[in-house]
Amino acid sequence: MTSSSSQALANLARIGQLKAEPTDARERAGLLRSATVRLHDARQPILSLESRFDLAYNAAHAAARSALRQHGYRSDNRYLVFQSLEHTLGFTPQQWLLFNQAHRKRNLAEYEGELDVTQGFVDELIEHVQDLLAAAQALDAPPPS
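The shown structure was predicted, so the numbers you read here are calculated from the model rather than taken from an experiment.

Q: Just checking my understanding: could you explain the pattern of salt bridges for this structure?
A: Pairing is possible between side chains of opposite charge, provided their charged atoms come close. Within this structure, the stated rule accounts for six salt bridges. The shortest N-O distance in the salt bridge between Lys19 and Asp76 comes to 2.6 Å. With Lys19 in strand S1 (residues 19-20) and Asp76 in the loop between strand S2 (73-74) and helix H4 (78-83), the pair connects residues that are 57 residues apart, well separated along the chain. With relative accessibility at 64%, the residue Asp76 sits in the exposed group. With a shortest N-O distance of 3.0 Å, Arg74 and Glu27 are connected by a salt bridge. Here Glu27 lies in helix H2 (residues 25-42) and Arg74 lies in strand S2, a separation of 47 residues in the sequence. When its relative accessible area of 22% is taken as the criterion, Arg74 is described as partly exposed. When salt bridges that share partners are traced, they join Glu21, Glu27, Arg69 and Arg74 into one network.

Definitions and limits used
Residues numbered from 1 in each chain as written. Predicted model: local features only at pLDDT ≥ 70, side-chain atom pairs only at ≥ 80, totals over all residues. Heavy atoms only, no water. Salt bridge = Lys/Arg side-chain N within 4 Å of Asp/Glu carboxyl O. Helix = DSSP H or I, 4+ residues; strand = E, 2+ residues; numbered from the N terminus. Buried < 20%, exposed > 50% of the residue type's maximum accessible area, 1.4 Å probe, protein only.

Structure follows, in structure tokens:
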């Protein structure tokens, strides 16, 4: 993580958008395990498209939260967890834009009962979640010698 990313996260904590909290290895492992299981289940074609979307979205959220927790922060705001990927994993806005779209679709389903997803969107979301999960898991990898 660059010093500007560290500063950005610290600034978000200073204004109350994030909460600074020591990293918890057990919590992080649980989030990564949850993301892994949900991503696996999201790939099951026997499930409804809506279920696969829900599983993929929640896998993305768990993986993104794990990255934020690795850096010593927590957020109650799901959107901010995805937006913080720029600072926790070095994602570009283009890389986390799909998670933002999924978040909006999830909110429409959750609060208004309207879920509008296509097979193509769910497949693309699953691919992006795989990349997100791999990047989040790599935070634990020792630096190359």
